[in-house]
Amino acid sequence: MHLIFAPHHIENNIGILVGLSAVSSALCTNGMEIIRTMLRSLVPKKLKDISKDTVLVTKLSSKAYIKIYELVHDQITGTGHGIGKELALLYAGYGSTVICVDINEKNNVKTVQEVKHLNRGVVYSFGCDVSKRDQVVELATRVHKNVGPVSVLINNAGIMPTHPLTQQTPEEILRVFDINVFSQFWTIQAFLDQMKKQRKGHIIAMSSVAGLSGLPNLVPYCATKFAVRGLMEALYEEIRKGPYKNQINLTTIYPYMTNTGLCKNPKIRFPSILGLLDPKQVAMRIVEAHRSNRLELAIPSFFLHFHNWTRLLPNSWRFAINDSIGSGVESDLK
């Protein structure tokens, strides 16, 4: 029997071999990363001391679309409630100086009072709409004058309109990008130079599992979270290849749906396995990632490995897996 291969058959076979080689390589890489994760859990990395840091937390209320940040010599976004508030309390518990920033001063004061009750460190309150660049620049000046330079910035705030793209108004789309994306540009620009002058710093950005995979009713939101991921990856390369390598660290967080009120109509097929996360537990994982200089962290951690693995599969398989999981959000419009 003689086998005769036409040129296009050879090309197809080469393509298959190259594809299998790429999949094999990626699976090995994912396997090594999973092993490293397991080893980290068995032999925890030494956590850095944050008791001397100044943490600035900014918040964006759900009604006023206020955003939350944290400065240690941190800046956290979102201190009035939810993850931002829990971050402020946790950092204060470690003895950090906490700066709460919010457009809604009433909610901000409540968080400040709770932090003060811990009797640990010092807490400050500042008003600012972090989606406005001029206000963020002025905030950086005020914070530096009244508190000191920021060494850690945590961008945690965001809004999440949840309805089909054609029912999203132009104003809604612009606003979600202003708050979820552009505010992070403004805060990083405002505080990164302070870190460079100190030759130390840490920037923590909240992306989302919606920044790993697209979801219905969340088109603009997913786009903003993918944007945050790209922002942090590019900024990391910029810092890594510059004079501040090993001095300024970056961490990107990809949390699953969290019980903060942002997910108004969550759709969960397996609540015992993939129920809404507790904000306090999420905040604890963020602080741990900060202290261990993690480059990126999904909460739960398997989501990042799961995402990387499913991207290797044919699209039809990946879509079937996503459909079987059945997690997402329903439209918030009647």
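Up top is the structure.
Conventions we followed
- Residues numbered from 1 in each chain as written.
- Predicted model: local features only at pLDDT ≥ 70, side-chain atom pairs only at ≥ 80, totals over all residues.
- Heavy atoms only, no water.
- Core = buried A, V, L, I, M, F, W, Y, C linked by side-chain atoms within 4.5 Å.
- Buried < 20%, exposed > 50% of the residue type's maximum accessible area, 1.4 Å probe, protein only.
- Helix = DSSP H or I, 4+ residues; strand = E, 2+ residues; numbered from the N terminus.
- Axes fitted to C-alpha atoms, helices over the stretch in contact; angles between N-to-C directions.
- Parallel < 35°, antiparallel > 145°, perpendicular 65-115°, else oblique.
- Left-handed = near helix turned anticlockwise from the far one by under 90°.
- Contact = heavy atoms within 4.5 Å.
- Nonpolar A, V, L, I, M, F, W, Y, C, P; charged D, E, K, R; others polar.
- Salt bridge = Lys/Arg side-chain N within 4 Å of Asp/Glu carboxyl O.
- Expected span 1.5 Å × (residues − 1).
- Pairing = 2+ DSSP bridges.
- Right-handed = clockwise from strand over helix to strand, strands pointing away.
- Polar contact = N/O pair within 3.5 Å; in protein donor to acceptor, adjacent residues only side chain to side chain.

## Some points on the nonpolar core
Inference 1: The biggest cluster of nonpolar side chains holds 43 residues, and the ones touching the most others in it are Leu87, Tyr91, Val98, Ile253 and Ile286.
Inference 2: With 6 residues, helix H2 (residues 82–93) is the single largest residue contributor to this core.
Inference 3: Membership of the second largest hydrophobic core comes to 26 residues, among which are Val136, Ile188, Ala205 and Leu231.

## Quick notes on the packing of helix H5 (residues 170–198) against helix H6 (residues 219–240)
Inference 1: Contact pair H5 / H6: the axes reach a minimum separation of 8 Å and the direction vectors enclose 20 degrees. The orientation of H5 relative to H6 falls into the category roughly parallel. Considering only the axes of H5 and H6, their crossing is right-handed. When H5 is examined against H6, the residues Ile173, Val176, Phe177, Asn180, Val181, Gln184, Phe185, Ile188 and Leu192 are found in contact with a partner set consisting of Pro220, Tyr221, Ala223, Thr224, Lys225, Ala227, Val228, Leu231 and Leu235.
Inference 2: Class assignment for the residues of the contact of H5 with H6 results in 14 nonpolar, 3 polar and 1 charged.

## Remarks on the pattern of salt bridges
Inference 1: As enumerated under the stated definition, the model contains 6 salt bridges in all.
Inference 2: Residue Lys85 pairs with Glu114 through a salt bridge whose shortest N-O separation is 2.6 Å. Of this pair, Lys85 sits in helix H2 while Glu114 is found in helix H3 (residues 105–116), placing the two residues 29 residues apart along the sequence.
Inference 3: Residue classification places Lys85 among the partly exposed positions, given a relative accessible area of 21%.
Inference 4: Taking the relative accessible area as the measure of exposure, Glu114 reaches 32% and is therefore partly exposed.
Inference 5: Measuring nitrogen to oxygen at the nearest pair gives 2.7 Å for the salt bridge that ties Glu237 to Arg240. Taken together, the residues Glu237 and Arg240, both in helix H6 and 3 residues apart, mark about one turn of the helix.
Inference 6: Judged by relative accessible area, which is 30%, Glu237 ranks as partly exposed.
Inference 7: Judged by relative accessible area, Arg240 falls into the partly exposed class, the value being 33%.

## Let's talk about the packing of H2 against H3
Inference 1: The contact between H2 and H3 brings their axes to 9 Å, and the two run at 25 degrees. Our classification of the angle between H2 and H3 gives roughly parallel. For the element pair H2 and H3, the recorded crossing hand is right-handed. The residues of H3 that touch H2, namely those facing Lys85, Ala88, Leu89 and Ala92, are Thr111, Glu114 and Val115.
Inference 2: Among the residues making up the contact of H2 with H3, the classes are represented as 4 nonpolar, 1 polar and 2 charged.

## Some thoughts on H6
Inference 1: Between its first and last C-alpha, H6 extends 32 Å over 22 residues, near the 32 Å set by a 1.5 Å rise per residue.
Inference 2: Restricting attention to buried positions, one finds in H6 the residues Pro220, Tyr221, Cys222, Thr224, Lys225, Val228, Arg229, Leu231, Met232, Leu235 and Ile239.
Inference 3: Along its buried surface, H6 packs onto H5, strand S7 (201–206), strand S8 (248–255) and helix H9 (302–310).

## Re the environment of Val130
Inference 1: Of note, Val130 is situated in the loop between strand S5 (123–127) and helix H4 (133–146).
Inference 2: With a relative accessible area of 1%, Val130 lands in the buried category.
Inference 3: As for Val130 and Thr187, which are separated by 57 residues in sequence, their C-alpha atoms are 7.4 Å apart.

## Focus on the pairing of strand S4 (residues 97–102)
Inference 1: Taking burial as the measure, the 6 residues of S4 include 6 buried ones, the bulk of the element.
Inference 2: Alternating residues of S4 divide into Thr97, Ile99 and Val101 and Val98, Cys100 and Asp102, and every residue in both groups is buried.
Inference 3: Pairing between S4 and S5: 5 bridges, direction parallel. Across the sheet, the residue bridging to Val98 is Val123, located in S5.
Inference 4: On the question of chirality, the crossover connecting S4 to the parallel S5 by way of H3 is right-handed.

## A short note on the environment of Ser324
Inference 1: The residue Ser324 is located in helix H10 (residues 315–325) in this model.
Inference 2: Sequence spacing of Ser324 and Phe270 is 54 residues, and the spatial spacing of their C-alpha atoms is 10.0 Å.
Inference 3: Apart from residues lying up to four places away in sequence, Ser324 is in contact with Arg269 and Phe270.
Inference 4: At 2.6 Å, the side chain of Ser324 forms a polar contact with the backbone oxygen of Ile321.

## Quick notes on unusual backbone geometry
Apart from glycine, the bulk of residues carry a negative phi angle, and the bulk of peptide bonds sit in the trans form.
Inference 1: Looking along the chain, the bond that leaves Ile299 and enters Pro300 is cis, with omega of -5 degrees.
Inference 2: Among the structural elements, Pro300 can be located in the loop between strand S10 (296–299) and H9.
Inference 3: At Arg199, a residue that is not glycine, the phi angle is positive and equals roughly 60 degrees.
Inference 4: Here Arg199 shows up in the loop between H5 and S7.

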